[in-house]
Amino acid sequence: MSHAMHAAPTSFLRKYVFATDHKVIGMQYLITGILMALVGGFLSYLFRMQLAFPGESIPGFGKLAASQYNIAITMHGTIMVFWVAMPILLAAFGNFLIPLMVGADDMAFPTLNMMSYQVFFISTVILLVSFFVPGGAFAAGWTAYPPLSAGTYAGSKDFLSNMGGHLWIIAIALEFIAFLMGGINFLVTSFNMRAPGLSWFRLPVVVWMLDLAVLLFMFSIGPLLAGAIMLLFDRTVGTGFYDPAQGGDPILFQHLFWFFGHPEVYVMLLPTLGFLCEILATFARKPIFGYKYILYFTFGAALLSFIVWAHHQFVSGINPRMANFFSLTTLLISVPFTVIVFASIATLWRGNIQFSVPMLWAVGFVAEFMIGGVTGVYLGSSAFDIYAHDTYFVIAHFHYALIPTVVFGGFAAIHFWYPKFMGRMPNETLGKWHFWITAIAFNGIFLPLFFTGLMGEHRRIFDYSAWPSLMTDEMKLYRKFATTSLLVLLAAQPLFFINMIYSYFKGAWAVNNPYKANSLEWSVPSPPPHGNFTEVPTVYRGAYEFSVPGREADYWPQDAKS
Amino acid sequence: MNFLPENIATYGTQIDGLAALISWLGLTSFVLAEAALVYAAFRYRRSEKRKRAAYIKGESWGQAKWIFIPLILVVLLDIFIDIKTTAVWKQVKIDLPTADMNVRIVGQQFNWQFTHPGKDGKLGTEDDVKTTNELHVPVDTNVVFELGAKDVLHSFFVPALRLTQDAVPGRFIHGWFNATKPGKYEIACGQICGTGHTGMRGMLIVHNKEEFQKWVENPVTGGSTDPMEILKGNGCTSCHSVDGTRVVGPSYKGIWGRSETVITDGAERQVVVDEAYIKKSIREPKADTVKGYPAGVMPAGTLSDADIDVLIKYFKTLK
């Protein structure tokens, strides 16, 4: 089993294509995720341009038709959640970090791990191909509510029940299978392959968070996978699970979707909370404040996330009495996140803070995520949701939850562990410019949308020229401001790519432990060799023993005997 | 909360009040938390004077109180907001008042169909008044609606009433509102329903009581001499362009006098587009389908002869 006994693979195919090394698989997931983010970003460019300048030709594309607009918004949501957030935060960093942080030579099942990426790759190809089939890609919204998505209603056959929708469902289903294969590896590796002395409460928070994310995913995915297959059957073989004319029920799908969909938010969020803890402790040179409380309240949030799903359905036609229960649970989910925000602030308190690039992204995450949290209270309140449910207020809210999580969290992690996996230090100046432009532009996109949402701007409209009350000068200005900010944000991203590529060739060499951090991945060379550790490390303490009184050094590696 | 549009619903005041309450409580907590974060980040940034950080693990109660005190405050605020929320929700969605008037609302691709009770004040009788995209109600009246959908999900969203309710095929959902001010207000479709979703725009027309009585006696709709107003008002432009662009159905450009291949009962035939064909296509759209376009998509229109005459005059100019 042990990789240390095998020689590292030498052929190109074995090393990079049919790789079983967790670090290479992590890199495959990361690069695929980043490339998909470019596709998702381009789609947002298309629909934001159409919204700000309706009917005008979009540079680099041409005129956007109503049907293409629906494709763009559907695929933007699908790609950003399933092909960017999950592969980058969960799959890439789970693969990079778990074996190294538990002191293992690789994942428990390396071949299964390889298959996980390969199935994911196939799902990516299928999704991208769907743009080019007759009728275009799926266009019924990323939540795929039937009957529109099922195509079982009168007159649907010719323009929606197309190949794009079939491929969308198949790609999603394959992607879930890929993450199940990867996820079982995360769990088995961190349960069974921890180094001697590495008890549960000495594990870095990020390992806990990645494992919890996998558990949430596994417990919630069954209903949606079944729901997606039923949808595929409705589309292809004429079943009527969601067709009222055949005794089916469209709202059934919404329950199956959101029973998965809400825990899915935490599948994305938990890895980032893990990155946050590692980065805050390292750059504040302090133990993470309330390690055990963070874990306990995260368990609480994870359990609670299974009983909040119907807040997506307050006005969908469910029994209105149900809303009272879901409104209460939804408001209460603010509790664990209050703990985490205040634990972050308390970690900074009386620290010795260095604002490196990863630290900027991490503190930026906390600052921005709070906006997502506070605006969630408006929507969790079922009565105000009656007004805001289908407006841009919702769009702004969930982007303030997801962009800090995925973009801020993703960039934080990439910058923080870049030296470990690339063997070179990324450029700080480029990194800081990239951070500030991206962070400011992000607020420029979504702050105006809270206000247009409150003014009644409803969602998924292709051209507001048809709605005089939503074409006031003020609202037009807000829309143009949001779109311009998006252009600035997109224009800043080459800074990131230049930094990554330039530093790979020209950056300063990274030592084993450039930040003087404690967890086990910093005890091996950068980049770690095949098999990671030359001998199995022994762990003597937790991962956050920074600035311990009486010690000269302000850090204390987990595997240092004294 | 002056960002919200004008409110004309009896219960709208409570909904707006809830938004104001959440804004005050939320913004206060938010500003305090951000201030603490920014203060900590700047106050304790790396400097020459401070040699090292304090060793604080935050696990003893004495230290952990700094996360538990905010936590208790947040729980109390949550419960307070939840109690207020539940009361408003109950009033809007659970306790339907006795109806002064019943209407039926049906969403379809891509317009709203409204059935008003007519002179006898009862739904489901001979004198029911059916309209497309125009809902007529009297002011200060408890209107109880039954909301359904013909094909896919739609959502009855009237910003001025602070009301959203999804319309689901296969069932009727009951709800209510009471409008307090005469005028015309937009009705949107809040749920993506297909390519023509943008054009699914209805109007809520609130009359004062005498005016409403007059409308019931002589229920005219439309009556416009502006063809685009008629086309948009009936949701036609969701699927048919006037500039030759293909949307869902054929464009109106050059339609008058054109020879079309249509499919009637599965057989192809040639027709010339004239007045009779246009009337039939609006009122019985399923009878003939232009070849190359999807069949069975278009709902039957309820346009008056006068409206159709205005349209025909306009089509003649669309060369």
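Only a predicted model underlies this, so the values are computations on that prediction, with no experimental measurement involved.

## Observations concerning the overall build of chain A
Thought 1: Scanning chain A from terminus to terminus reveals 15 helices and zero strands.
Thought 2: Computed over the C-alpha atoms, the radius of gyration of chain A is 24 Å, within 12% of the 24 Å expected from 2.2 N^0.38 for a compact globule of 562 residues.
Thought 3: Reported as C-alpha extents along the three principal axes, the dimensions of chain A are approximately 70 × 50 × 50 Å.
Thought 4: Here chain A holds 562 residues, and the buried ones make up 67% of them.
Thought 5: By sequence separation, contacts in chain A at least 24 residues apart represent 81% of the contacts at least 6 residues apart.
Thought 6: Carbon and sulfur atoms make up 71% of the accessible area of chain A, which amounts to about 18600 Å² in all.
Thought 7: One finds the centroid of the 27 positive side-chain charges in chain A at a distance of 7 Å from the centroid of its 26 negative side-chain charges.

## Description of the layout of surface pockets
Thought 1: By volume, the second largest pocket is sized at about 1200 Å³.
Thought 2: Lining the second largest pocket are 42 residues, and of these Ala66 and Phe462 of chain A together with Thr237, Ser238 and Val247 of chain B lie nearest its centre.
Thought 3: The set of elements that each furnish at least two residues to the lining of the second largest pocket consists of α3 (66-102) of chain A together with α4 (227-233) of chain B.
Thought 4: Broken down by class, the residue content of the lining of the second largest pocket amounts to 16 nonpolar, 18 polar and eight charged.
Thought 5: Counting residues domain by domain, the lining of the second largest pocket receives three or more from each of domain 1 (15-203) and domain 2 (360-378 + 387-516) of chain A.

## Some remarks on helix α5 (residues 163-192) of chain A
Thought 1: The end-to-end C-alpha distance of α5 of chain A is 44 Å, a good match for the 44 Å that 30 residues give at a rise of 1.5 Å each.
Thought 2: Most of α5 of chain A is tucked away: 21 of the 30 residues are buried.

## A word on the environment of Ser503 of chain A
All names here are of chain A.
Thought 1: Tracing the sequence through the fold places Ser503 in helix α15 (residues 473-506).
Thought 2: Sequence separation of Ser503 and Leu252 is 251 residues, and the distance between their C-alpha atoms is 51 Å.
Thought 3: With sequence-adjacent residues up to four places away left out, Ser503 is seen in contact with Tyr418, Arg424, Met425, Pro426, Asn427 and Ile498.
Thought 4: A polar atom in the side chain of Ser503 sits 3.3 Å from the backbone nitrogen of Asn427.

## Here we look at the interface of chain A and chain B
Thought 1: At the junction of the two partners, chain A supplies 100 residues and chain B supplies 87 residues.
Thought 2: Note on chain A versus chain B: buried area summed over both sides is about 8300 Å², and carbon and sulfur give 68% of it.
Thought 3: Scanning the region where chain A abuts chain B turns up two salt bridges.
Thought 4: A salt bridge links Arg171 of chain B to Asp249 of chain A; its shortest N-O distance comes to 3.1 Å.
Thought 5: Scanning the region where chain A abuts chain B turns up 29 residue pairs in polar contact (both at pLDDT 80 or more).

## Digging into the nonpolar core
Thought 1: Core analysis: the largest hydrophobic core is formed by 280 residues, its most contacted members being Phe93 and Trp417 of chain A together with Leu135, Phe156, Phe177 and Leu204 of chain B.
Thought 2: Sorting elements by how many residues they give to this core places α3 of chain A first, with 25 residues.
Thought 3: Beyond its immediate stretch of four places on either side in the chain, Phe156 of chain B contacts Ile105, Trp112, Phe114, Leu135, Leu147, Leu163, Thr164, Gln165, Ile187 and Ala188 of chain B.
Thought 4: If you look at the next biggest cluster of nonpolar residues, it comprises 20 residues, including Ile255, Val290, Ile308 and Tyr314 of chain B.

## Remarks on the domain arrangement of chain A
All names here are of chain A.
Thought 1: Taken domain by domain, chain A comprises domain 1 (15-203) and domain 2 (360-378 + 387-516).
Thought 2: The C-alpha centroid of domain 2 is placed 19 Å from the C-alpha centroid of domain 1.
Thought 3: Interface area, domain 1 with domain 2, both sides summed: about 2400 Å², of which 78% is carbon and sulfur.
Thought 4: Taken together, domain 1 and domain 2 are joined by zero salt bridges.
Thought 5: On the surface where domain 1 and domain 2 come into contact, there are four residue pairs in polar contact (both at pLDDT 80 or more).
Thought 6: Of all the elements in the fold, those that place two or more residues in the side of domain 1 that touches domain 2 are α2 (22-52) and α3.
Thought 7: Top element by residues in the side of domain 1 that touches domain 2 is α2. It accounts for 13 residues.

Rules behind the numbers
Residues numbered from 1 in each chain as written. Chains lettered and ligands numbered in written order. Predicted model: local features only at pLDDT ≥ 70, side-chain atom pairs only at ≥ 80, totals over all residues. Heavy atoms only, no water. Helix = DSSP H or I, 4+ residues; strand = E, 2+ residues; numbered from the N terminus. Rg over C-alpha atoms; globule rule 2.2 N^0.38 Å. Buried < 20%, exposed > 50% of the residue type's maximum accessible area, 1.4 Å probe, protein only. Contact = heavy atoms within 4.5 Å. Areas by Shrake-Rupley, 256 points an atom, 1.4 Å probe, with all protein chains shown as cover. Lys, Arg positive; Asp, Glu negative; His and termini not counted. Charge placed at Lys NZ, Arg CZ, Asp CG, Glu CD. 1 Å grid on protein atoms, 1.4 Å probe; cavity = no way out; pocket = protein on both sides within 12 Å on 5 of 7 lines; lining within 4 Å. Points joined across faces, edges and corners; volume = space filled by probe spheres on them. Nonpolar A, V, L, I, M, F, W, Y, C, P; charged D, E, K, R; others polar. Domains from an automatic or database assignment. Expected span 1.5 Å × (residues − 1). Polar contact = N/O pair within 3.5 Å; in protein donor to acceptor, adjacent residues only side chain to side chain. Buried area = accessible area lost by both parts, 1.4 Å probe. Salt bridge = Lys/Arg side-chain N within 4 Å of Asp/Glu carboxyl O. Core = buried A, V, L, I, M, F, W, Y, C linked by side-chain atoms within 4.5 Å.

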